[in-house]
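Residue-level structural notes
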Amino acid sequence: MKPLENIKAQKLLNKIQRDLMRNGIITNTLIDDLKELRNYVVEEGQPLLAKVIRLTFEHVEEYQSFNIAIPEDDPIEDDEENQEVRVEDEVTGQESLAYLLSLMEDHTNRVNEIELRDYIQAFTEYAEEN
């Protein structure tokens, strides 16, 4: 995998991030921008990014919000006390979407690629449950 090479794609991703930080999730704008970004990513031959972007805008279209939590790091210990803390610390919405967009910026990083795949799995699981 290679980083986003298209300058328009890089600028659009930056715009999406700026809009999110300034205005929160404005569904219509976000969906349109993500669809446009996906076109650039498809042209570049980035199937992982194309899929995660498609799932993101489909999710926002369907639920009018972003309901996916930031993927958890694998727990070192799995006792009841730690599990309770993780459930309370779960983050969704704007913060999780901002994190997902930051992963897209450097999707060639192996850890980011794994987390992008975790988001894909989370989208699938959320759709099955709702």
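All residue numbers refer to position in the chain's written sequence, counted from 1. Reporting in this predicted model follows two pLDDT cut-offs: at least 70 for local features of residues, and 80 or more for side-chain atom pairs to be given and counted; totals over whole chains, interfaces and linings ignore these cut-offs and use all residues. In computing side-chain properties, one takes all heavy atoms of the structure into account and sets aside hydrogens as well as water.

Only DSSP runs of H or I covering at least 4 residues are called helices, and only runs of E covering at least 2 are called strands; the numbering of each starts at the N terminus. Multiply 1.5 Å by the residue count of a helix minus one, and that product is the helix's expected span. Taking 1.5 Å as the rise per residue, helix α5 (residues 94-105) with 12 residues should run 16 Å; its terminal C-alpha atoms sit 17 Å apart, in good agreement. Contacts are assigned to residue pairs with any non-hydrogen atoms lying within 4.5 Å of each other. Close packing links the buried residues of α5 with α1 (7-23), α2 (27-44), α3 (47-63) and α6 (110-129).

Attention now moves to the packing of aromatic side chains. Working definition: a ring pair exists when centres of Phe, Tyr or Trp rings (six-membered ring for Trp) sit within 6.5 Å. Plane angles under 30 degrees give stacked, over 60 give edge-to-face, the rest tilted. Tallied over the full model, the rule gives 2 aromatic pairs. Taken together, a centroid distance of 5.0 Å and an interplanar angle of 90 degrees make the contact between Y63 and Y126 edge-to-face. Taken as a pair, Y63 in helix α3 and Y126 in helix α6 lie far apart in primary sequence, 63 residues in all. Geometrically, the ring pair formed by F66 and F123 is edge-to-face, given 5.9 Å between the ring centres and 80 degrees between the ring planes. In this pair, F66 is assigned in the loop between α3 and α4 (80-89) and F123 in helix α6, connecting sequence segments 57 residues apart. Pair check on accessibility: F66 and F123 agree, each one buried. Between buried and exposed lies partly exposed: a residue is buried under 20% and exposed over 50% of the maximum accessible area for its type, with that area taken using a 1.4 Å probe on protein chains only.

One recurring pattern in soluble globular proteins is that nonpolar side chains are buried together. Within the largest apolar cluster, 33 residues are counted, with the highest numbers of intra-cluster contacts made by V52, L100 and M104. Every element with two or more residues in this core is listed here: α1, α2, α3, α5 and α6. Residue contributions to this core peak at 8 residues, all from α3. Ignoring any residue separated from it by four or fewer positions in sequence, one finds L100 in contact with V52, T56, F66, L116, Y119 and F123. What makes a nonpolar core is a set of buried Ala, Val, Leu, Ile, Met, Phe, Trp, Tyr and Cys residues whose side-chain atoms join them at distances within 4.5 Å.

Moving on, we come to the side chain of H59. As for its placement among the helices and strands, H59 is situated in helix α3. You can call H59 buried: its relative accessible area is 4%. In this structure H59 touches Q64, S65, F66, N67, I68, F123 and Y126, once residues within four positions along its chain are discounted.

Next up on the list: the confidence of the model for the chain. The quantity known as pLDDT measures the predictor's confidence residue by residue, on a range of 0 to 100. When pLDDT is averaged across the chain, the result is 86; 82% of the residues are at 70 or more. The low-confidence segment residues 75-90, where pLDDT is below 50, has 7 contacts with residues more than four positions distant or belonging to other chains.

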